[in-house]
Amino acid sequence: ESKEGGGVSAGAASPLPKQPSAPKEEEPMDERVLQVTIHGTEELKANINLVHPVIKLSIIDTEDEGKLMKKPRQGRNVVQQNENATTIEGNTSPRRDSTPNKDGNPSPMKSTGYDRILPVLTQPFDLSAQLRDGKQLKCEWEELIGLDERLAYFMNPRYVLFFELLDFVHSSEEMETVKVNTRSTFWKHIAWGFVRPNKGAEGYVRTGQRLRLQLYKYRKFWFWQQKPSSDPNACLAYQQWKAGQWKAYKSTLFVTIDGILRPENKLVENRSKMPWEKEEGLEDLAGQLKARQGREEARRRQWRTDDKVDKQRLGKKWIGSTGKWCRIPNVPMHKVESDHRGCFVLAFSAYGNFLACATGGRTMYRVKIYNVATGSLENTLPGHQEIVYDMQWGMETEESELNDDAGNAGGNAGAGGAEAGPGPLLLTASADTTAKVWSLASSAVMATCHHPSYCYSARFLPGPDGVRGDTPQEKAASACLYVLTGCYDTFLRLWDVRAETVGESGAAQIVKLIGGHSSHVNSVVTDHALTKAYSADGMGQIRVWSLQRHALECVKEINEPEIKGDAVNCLRLDKSGKRLVVLARDHCIRMLDVASDRCPIVQRFSGLRCSQHQIRCDLSPDGRWLMSGSEDGQVLVWNVDTGELDASTPKERMPRCTGMSTDVAWNPAERIVAVCSFSRRHPILLHKYERDLLASEEMEEDEVRDVLAGKFQGLAEAFDKMDTSGDGKLSLAEFREGMTKLELGLTDNQTLRIFKTAAQGAEEIDKNDFIKRFGPPGMLAEIKAKKDLEQRRADRKKK
């Protein structure tokens, strides 16, 4: 093995040719593009910061002040397909707001693309199993990184490939010691290595062979030495390399540098990882738009609720129009399918007709839309490549959900066409670093907001002038022109998702970058009037922002001592905008009076389990009840006024998950709740409220006989199993449980009325008397004769 710069190569270097040598039978080097394979490392030194390391590859021009290597052909996608749609031109300060120019007008902000080759990160390698079992800490990525540029262009002595072994901050305790000034502070720098493809007089690195690179420690500089640049975009490995006096880290990195024929462009279903992979259909954009116009009307007709019975079941019982108080749902309504990993987040539409479910498949995280009245699947959106953390429906009118002209009535100029609106809109935020605005009429993405890291929360916002319009349709359209998102990098971002600014690329334009949080932003919520926004982070800090003319200035900072240092899972505001519900990871939910200057805690809700996972809660539409999931699978309901758990509904009648219940959602118009669990194939549960009919009229005996006709043979056998005490009596709980297990198709309503008729005022029913009164003639005698026969046979076997 020979020394190669600061690394070690598995093969000897070749003499210096004018062009990189290649076998005659292979294609010329100029026709090949660069491919770097990150294999893995030798045993790493145990470190508290080493849990899920990644390798960052940066190609640096050593003769250009250590900046990233320039692209030889501008406008070319070298690393990924979307890199030419993510840089903002104009104001380049960290706070990317529209700074006025000399004329007093805001400076234009448009997508231009990068002129340098971007760094590339591998996937994190999970070392938790090795740490738990005490095994050697070895990483094995075996990850290919393709760069769509000729290999010969990289064979210049001025270019050096730097490999940095990093790990990101992974606990709230470490966040307290991190000074959040730049993005680089979120990375723990473990070690670095490098390779120079062209070593001058020593020749070129052998391509296609496995290289073993020595890793080095990150050194600290004394005050009299030249310190590294404070630029967050600077490559720290280059600064260490330039300073010299490297100190070896007791491990090496295995990589392969090779030239391959450029693959043909191909379409992929999942997120593209190579510059020649595209997430597109077979048609070009113009063809897609033309075809979409012809399909929009049919899509809208599929989306709306065609069954008039469904409209009668939901459309006439709105709480908002009738003034009904909310009741705790106590009867199962539907059990709908989720996906392989279950469902993580739920959201009811504005008028409660539809339920959006962020499900987790094997490779994709799709969003399923269900009809609440029928439980049928109405639509499935392609979704995201990683877990969906948050969802919100756009402001809509009742006609946009139910009427025949749903698309035209709900037309939204904010993220769709002007001639034919996109119908209901849905906003999703995901760990794949994007937030997307969906048109449910066409199942298309209207705008995509690209982030540098995980996107945890997203909310629709109106324009700078607020909600405007003369008709309900115009007001609904003006409320979804912008999007506010919260990201892992501690910043909030304001995005312009209007159709005229999104353009052909589909990438939304960033309007403002808002800092202030000291940890990742977990939750964002807006008040009903859309004048204030509340955001909470992973350290328990809550900030209040003014939305007047998109100022997004922090008007209040809430540092509640009880939740300091604990991550906040979600925020919820009541309709008055005066009470803020805060669910933190300390097994407690708190309600703050945000109308007061001190924002005191006015109520606490305990009993749930929440310390590690993203559990969410929801307020009832009338603000009287608070419902939450729990890590132990329970669904808990508290009285908001007293803070006590509700005891009016038996636990067996409440929804419960076999895994942790991650989210609950209260229908905004009907007495219905939905519960989901992010566990394997767990269904989504919908429960509704039915008043306890024990105090209502009894069912006529003839009606009982008609309901149970043809079902008594199974009932007689089931009653024996239900009679756990063996006294021949059945309580209401035993009777209800048995009838439910038999799947006779009876509603809870019918079951309660049958029990009251049979009990005749008593608390239990006699099973023999029940069969005698309501069963066919001779059924009881037949059952007794059958039992006697079985008993005699059993006695004979014993003898």
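Reading guide: rules and limits
- Residues numbered from 1 in each chain as written.
- Predicted model: local features only at pLDDT ≥ 70, side-chain atom pairs only at ≥ 80, totals over all residues.
- Heavy atoms only, no water.
- Buried < 20%, exposed > 50% of the residue type's maximum accessible area, 1.4 Å probe, protein only.
- Helix = DSSP H or I, 4+ residues; strand = E, 2+ residues; numbered from the N terminus.
- Polar contact = N/O pair within 3.5 Å; in protein donor to acceptor, adjacent residues only side chain to side chain.
- Pairing = 2+ DSSP bridges.
- Axes fitted to C-alpha atoms, helices over the stretch in contact; angles between N-to-C directions.
- Salt bridge = Lys/Arg side-chain N within 4 Å of Asp/Glu carboxyl O.

Novice: What exactly am I supposed to notice about helix α16 (residues 767-774) here?
Specialist: Side chains of residues three or four places apart in an α-helix project in the same direction, reflecting 3.6 residues per turn. When we look at burial in α16, the residues that qualify are K767, F770, I771, R773 and F774. Where α16 begins, the side chain of D766 points an oxygen toward the backbone nitrogen of D769, at a separation of 2.9 Å.

Novice: Teacher, can you tell me more about the sheet that holds strand β20 (residues 425-430) here?
Specialist: Sheet strands associate in pairs through backbone hydrogen bonding, adopting either a parallel or an antiparallel arrangement. Overall, antiparallel pairing links the four strands, which are arranged β19-β20-β21-β22 in an open sheet. Both outer strands of the open sheet, β19 (388-393) and β22 (444-450), are each paired with one neighbouring strand and no more. Adjacent strand axes in the sheet meet at a mean angle of 20 degrees when their direction is disregarded. For strand β21 (residues 434-439) and β22, the ladder comprises six bridges, and the chain directions are antiparallel. Looking at the pairing, V437 lines up with A447 of β22.

Novice: Would you take a moment to explain the environment of K67 for this structure?
Specialist: Secondary-structure assignment places K67 in strand β5 (residues 67-68). For K67, a relative accessible area of 37% corresponds to the partly exposed category. When the C-alpha positions of K67 and Y238 are compared, they lie 9.1 Å apart, and in sequence the two are 171 residues distant.

Novice: What is the right way to read the sheet that holds strand β14 (residues 331-336) from this model?
Specialist: Read from one edge of the open sheet, four strands run β14-β40-β39-β38, paired in antiparallel fashion. Of all the strands in the sheet, just β14 and β38 (661-666) have a single pairing partner and so form its edges. Averaged over all neighbouring strand pairs, the angle between strand axes comes to 20 degrees, with direction disregarded. Note: β14 against strand β40 (residues 684-688), five bridges, orientation antiparallel.

Novice: Looking at this structure, I do not really get the pattern of salt bridges. What am I missing?
Specialist: When the charged atoms of two side chains lie near each other, side chains of opposite charge can form a pair. Tallied over the entire structure, the rule returns 21 salt bridges. Where R76 meets E149, a salt bridge forms, and the shortest distance between an N and an O atom there is 3.9 Å. Placement of R76 in the loop between β5 and β6 (120-121) and of E149 in strand β7 (residues 140-150) is noted, with a sequence separation of 73 residues between them. In this structure, the salt-bridge partner of D663 is R616, at a minimum N-O distance of 3.4 Å. Here D663 is found in strand β38, whereas its partner R616 is found in the loop between β34 (601-606) and β35 (617-619), with 47 residues between them in sequence. On the basis of relative accessible area, D663 is assigned to the buried category, the value being 0%.

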